[in-house]
Every structure is written in structure tokens, then in C-alpha cells.
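Listed below, chain by chain, are the residues.
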Protein chains: 2
Amino acid sequence: MSAIDDLATELSKLPGIGRKTAMRLTYHLLKQSPEQSRRLAGALETLVARVRRCSVCNNLTEQDPCALCADPRRDQGILCVVEEASDIGAVERAGEFRGVYHVLGGRLSPLDGVGPEDLSVRALVERVSHGATREVILATNPSLEGEATALYVQRQLAPLVPLVSRIARGIPVGGDLEYADGVTIAQAISARREM
Amino acid sequence: MSAIDDLATELSKLPGIGRKTAMRLTYHLLKQSPEQSRRLAGALETLVARVRRCSVCNNLTEQDPCALCADPRRDQGILCVVEEASDIGAVERAGEFRGVYHVLGGRLSPLDGVGPEDLSVRALVERVSHGATREVILATNPSLEGEATALYVQRQLAPLVPLVSRIARGIPVGGDLEYADGVTIAQAISARREM
């Protein structure tokens, strides 16, 4: 039954999907109408055919420049730097930021062989060197690699931008001190603000 | 970004895949080579185009009759009745059974509106009525619906087949009495065998 095995093999290449889940999904699709499988196949084809990188901010988009860069209501003077295009969705859902973005396309990770030349840092430096940028917010993840990446980017941008800032680290809203790790609590204390 | 949302929507229709996982899978595919997405799309197209039901045993197959029914080394006199085509893989992996199969295509479930006419019971009765079947093993799941289905099928087949048997229920190999439920333990005791 090679068509079944073929699909299961392709599905099991996806992250978090093992062989058993892949077989379960395949049999699920066989029980559904053929239309559902065809729509999924079509959506995949459309994805690879249409989605590309925005030439301004490196976001994933179907139009160039992307909808965020092209939006006249957004403040082009404030840049939020994120690791991945998927991080933009997270920031947008928060509804707090009205500037534009820059997607690095990863984080510095010497162990994985990812160096500065693998990230779109040069394009970012080029972008802010025109002088219209008032602030760059570094919103890389608060992980070891994310912090190293933020530090590297900050050093590149410091001579060019009036203000380079970093998102706050601390106890998540709704979180519990009892279950927070020591490093996070230390950050939350050192970054305390007067009430 | 409708191509991204479209794919995420299609993926989130799959069982066990929520909106967040669907987005993660979509972004993963965008980071891979376009070839991987195209192979996945191709495997889906091939699946719906090629896979059909075996006219003998109701298994999912690309050829009719299926490879199992067409295999001359398998004993056509012993039938193993399973709920779903995916169950055949589980029995085959055990390597214990050398007969042929019959796929019911589900289990009796009045609450879900699944009655006897929704399962391929009539085809099974037709199949065994030729008189060449020596034994039918009922390998529906040991759940409430699976047991009811086995009982129903047994009643239909009893006048036609010399032996209708049911797979054994008991403590799984490698399992632990302490964590087994009472019904299973009761089954394991009542089905005890002399050593």
C-alpha cells in the first residue's frame, strides 16, 4: 500500500509528528471526503508558489512589500526586531505595537553553525542607516541564543539609532512566583519599577 | 497572508492538530525547501486518486483485490474481522496471523447513528456463505461498542461458519496488575488457562 506509506512518510517529517500519528492522520484523511485531502494539497501548493520574503522587513508575505510595511497607518520610525516571521503574529496579537518589523530569520547559534552572516542583520543595518528610525526594539526570545543575538544586533545598531531597547523579562502575567525559575525571578527583581 | 492562513486552517481540521500546531507546521514548511511541501501535496493527491476499497475484504488498497487477499500463501479459510483498515496493520505487525481479513468499516454505535447497515456485515455474510471458511476471528476492539459489534456479527455468522472466535482480553504483556482496571482483571481471571 505505497500511497498510504508515502503520505505517512511525508507527514512524519513534520515536527512533533511521529510514525504512529502520521498513520493515524493518513487513515483519517482516507475516511474524509477526497475534497478535504485535495484542499490540503492545494493549500500546500499555493503556499510554496505564493509566499516569499518581504524585501523590506524579511517577513513572509504574498505581496512585496508585505501588508505591514505597506500600511500607511504604521509608524515607520519604530522597528521591532524578531527572530522568526511567526513571532510577528505573537506581537500583533498583543495589539500594543504600531511600528514596523524586521525578521532576522533565526538566532545566533554557534553550535548549530548559525553565525551573523546567516541572519538578515546587514539588511537591518542598511535599513536604519537612512536615519529615519527613532527606536529599535529587540524582541528576540529571552533564551541564551536570543540574548546573544540581541547583544550582537545592539552593537551593530548603537552608532546608527537614537534608542535601541530590549523587551522586558519577568514573571508572566497570570504566572506564579512559586513556579518561576530563579533567573526569571532575578530579572523581575532587578527590573522592578516604582509603583 | 491568506496562503499561510489557508494552509493552517486545512491542517487544523486534522485530528489532534489545533490552531497553534497548525501555524507551527505551516511555518516549518516555509522554512524547508519547497520540494518538501510539494512532495507532501503530491502524496495527498496520489492518496485520494489511487486508494480504494478492496472488493473482497473492504481493506484500503491500490489494487483490487488487495495484496493480502491476492496472496496465495495466506489461508483463505480463516477470516479475521476488524473494525478499521488501520487495525490490519496492527495485527500484521504481530506476525501471528496467516489468514485473511474482513474490514467492517466501523463499529455499532447507536449514539453516533451507526447501525448494522453502515458496516460491511452483509458482504461478510455473503463471503462466508460459500462454505469455505473454517473460522472467523472477531478482532473488534474490546470496548463497549466493539463487544456489541462482535456479538452482533457472531449471531449473523453462527449458522454459517463452524467456528466463530473472539480475541482474548486480559492484562497486556509487560503491563502491571496494579494499574489494570477491574474489568480487565476480571476478564484475565475468568479467561485463565492451566499452565
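Criteria and thresholds
- In this convention, every chain numbers its residues from 1, walking through the sequence in written order.
- Note on labels: chains are lettered from A, ligands numbered from 1, in written order.
- Two thresholds apply to this predicted model, a pLDDT of at least 70 for residue-level local features and 80 or more for giving and counting side-chain atom pairs, whereas whole-chain, interface and lining totals are computed over all residues.
- The side-chain numbers reported here are obtained from all heavy atoms of the structure, hydrogens and water having been left aside.
- Among the buried residues, those of types Ala, Val, Leu, Ile, Met, Phe, Trp, Tyr and Cys that are joined through side-chain atoms within 4.5 Å form a nonpolar core.
- Only protein chains enter the accessibility calculation, which uses a 1.4 Å probe; a residue is then buried when its area is under 20% of its type maximum, exposed when over 50%, and partly exposed in between.
- Numbered from the N terminus, helices here are DSSP runs of H or I no shorter than four residues, and strands are runs of E no shorter than two.
- The contact definition used throughout considers only heavy atoms, calling two residues in contact when any of these lie within 4.5 Å.
- What gets called buried area is simply the loss in accessible area from a 1.4 Å probe that two parts show on being joined, summed for both.
- A carboxyl oxygen of Asp or Glu within 4 Å of a side-chain nitrogen of Lys or Arg is what we treat as a salt bridge.
- Side-chain atoms alone can form a polar contact between residues adjacent in sequence; in general such a contact is a pair of N or O atoms within 3.5 Å, and within protein one must be able to donate a hydrogen while the other accepts it.
- Axes here mean lines fitted to C-alpha atoms, for a helix over just the part in contact, with angles spanning 0 to 180 degrees between N-to-C directions.
- The labels follow the angle: roughly parallel below 35 degrees, roughly antiparallel above 145, roughly perpendicular from 65 to 115, and oblique for the rest.
- By convention, the crossing between two helices is left-handed when the near helix turns anticlockwise from the far helix through less than a right angle, and right-handed when the turn is clockwise.
- Here a strand pair is declared whenever DSSP counts at least two bridges between the two strands.
- When the strands point away from the viewer and the path from the first strand over the helix to the second turns clockwise, the crossover is right-handed.
- Alignment of the copies relies on least squares applied to C-alpha atoms, considering only residues that score at least 70 for pLDDT in both.

J.: It is not clear to me how the nonpolar core should be interpreted in this structure. Could you clarify?
T.: Burial of nonpolar side chains together is a common tendency in soluble globular proteins. In terms of nonpolar packing, the biggest core is built from 40 residues, with Leu7(A) and Leu7(B) touching the most fellow members. At the level of elements, α1 (2–11), α2 (19–31) and α3 (34–50) of chain A together with α1 (2–11), α2 (19–31) and α3 (34–50) of chain B are the ones that each hand at least two residues to this core. Beyond its immediate stretch of four places on either side in the chain, Leu7(B) contacts Leu40(A), Ala43(A), Leu44(A), Leu47(A), Thr26(B) and Leu29(B).

J.: How do you make sense of the interface of chain A and chain B when you look at a structure like this?
T.: Quite often, the size of an interface is put as the accessible area lost when its parts meet. Between chain A and chain B, the contact holds 42 residues from the first and 42 residues from the second. Across the chain A/chain B interface, buried area totals approximately 4,000 Å², and carbon plus sulfur atoms make up 71% of it. At the boundary of chain A and chain B, one finds four salt bridges. Between Arg39(A) and Glu10(B) there is a salt bridge, with the nearest N and O atoms lying 3.3 Å from each other. Our enumeration of links across chain A and chain B arrives at six residue pairs in polar contact (both at pLDDT 80 or more). Counting residues per element, the ones that place at least two in the side of chain A that touches chain B are α1, α2, α3, β2 (60–61) and α5 (85–94) of chain A.

J.: Help me understand the packing of α1(A) against α3(B), please; the structure alone is not making it clear to me.
T.: The description of two helices packed together rests on the angle between their axes and the distance between the axes. Viewed as axis vectors pointing N to C, α1(A) and α3(B) meet at an angle of 150°, and their least axial separation amounts to 9 Å. When the axis of α1(A) is compared with that of α3(B), the two are roughly antiparallel. α3(B) is crossed by α1(A), and the crossing has left-handed handedness. Between α1(A) and α3(B), the residues in contact are Ala3(A), Ile4(A), Asp6(A), Leu7(A), Glu10(A) and Leu11(A) and Gln36(B), Arg39(B), Leu40(B), Ala43(B), Leu44(B), Thr46(B) and Leu47(B), respectively.

J.: Can you help me understand the sheet that holds strand β5 (residues 135–138) of chain B in this one?
T.: Strands in a sheet are paired, the pairing made by backbone hydrogen bonds, and the direction either parallel or antiparallel. Residue and element names in this part refer to chain B. Overall, parallel pairing links the four strands, which are arranged β4-β3-β5-β6 in an open sheet. Two strands close off the open sheet at either side, each with one partner strand: β4 (99–103) and β6 (163–166). Adjacent strand axes in the sheet meet at a mean angle of 25°, parallel and antiparallel pairs treated alike. Taken together, the four bridges between β5 and β6 define a ladder with parallel strand orientation. Following the sheet pairing, Leu 138 is matched in β6 by Arg 166. Packing of helix α5 (residues 85–94) onto the sheet brings it into contact with β3 (75–82) and β4, and relative to β4 it is tilted by some 155°.

J.: Before we go on, may I ask you to explain the pairing of strand β5 (residues 135–138) of chain A in this structure?
T.: Strand residues, when the strand is regular, have side chains that alternate between the two faces of the sheet. Residue and element names in this part refer to chain A. By the alternation rule, side chains of β5 split into Glu 135 and Ile 137 and Val 136 and Leu 138, which are all buried. Both strand β3 (residues 75–82) and β5 contribute to a ladder of four bridges, which runs parallel. Paired with Ile 78 across the bridge in β5 is Glu 135. Each parallel crossover has a hand, and the one from β5 via helix α7 (residues 144–157) to strand β6 (residues 163–166) is right-handed.

J.: Sorry, what's going on with the pattern of salt bridges here?
T.: Oppositely charged side chains can form a pair if their charged atoms are brought close together. All chains considered together, the criterion is met by 26 salt bridges over all chains. Note that Arg166(B) is salt-bridged to Glu147(B), the shortest N-O span being 3.2 Å. Of the two residues, Arg166(B) is situated in strand β6 and Glu147(B) in helix α7 (residues 144–157); the sequence distance between them amounts to 19 residues. Taking the relative accessible area as the measure of exposure, Glu147(B) reaches 25% and is therefore partly exposed. Each of Lys31(A), Glu83(B), Glu84(B) and Arg107(B) takes part in one network of salt bridges that share partners.

J.: Help me understand the environment of Arg53(B) in this model?
T.: Residue and element names in this part refer to chain B. For Arg 53, the location among the structural elements is in strand β1 (residues 52–53). Once the C-alpha coordinates of Arg 53 and Arg 155 are considered, the two residues, 102 residues apart in sequence, prove to be 25 Å apart. Look past the residues within four positions of Arg 53 in its chain and what remains in contact with it is Asn 58, Asn 59, Leu 60, Thr 61, Asp 64, Ala 85 and Val 103. Of the polar contacts made by the side chain of Arg 53, one reaches the backbone oxygen of Asn 58; its length is 2.7 Å.

J.: Looking at this structure, I do not really get the relation of the copies chain A and chain B. What am I missing?
T.: Copies of the same chain, two in number, are related to each other by a rotation about an axis and a translation along it. Overlaying chain A on chain B yields an RMSD of 0.1 Å, the required transformation being a rotation through 180° with an accompanying axial translation of 0.0 Å. When the rotation and shift are considered jointly, the pair of chain copies conforms to a two-fold rotation axis. The position closest to the rotation axis in chain A is occupied by the C-alpha of Ala41(A), lying 2.1 Å away. An overlap of 100% is found between the interface residues of chain A and their copies at the interface of chain B, pointing to a shared contact surface.

J.: Looking at this structure, I do not really get the sheet that holds β6(A). What am I missing?
T.: Residue and element names in this part refer to chain A. The strand order β4-β3-β5-β6 describes an open sheet built from four strands, whose pairing is parallel. Unpaired on one side and paired on the other, β4 (99–103) and β6 mark the two borders of the sheet. When the angles between neighbouring strand axes are averaged without regard to direction, this sheet yields 25°. Of the strands in this sheet, β3 and β4 touch α5, which is tilted by about 155° from β4. Sitting on the sheet, α7 touches β5 and β6, and the angle it makes with β6 is about 175°.

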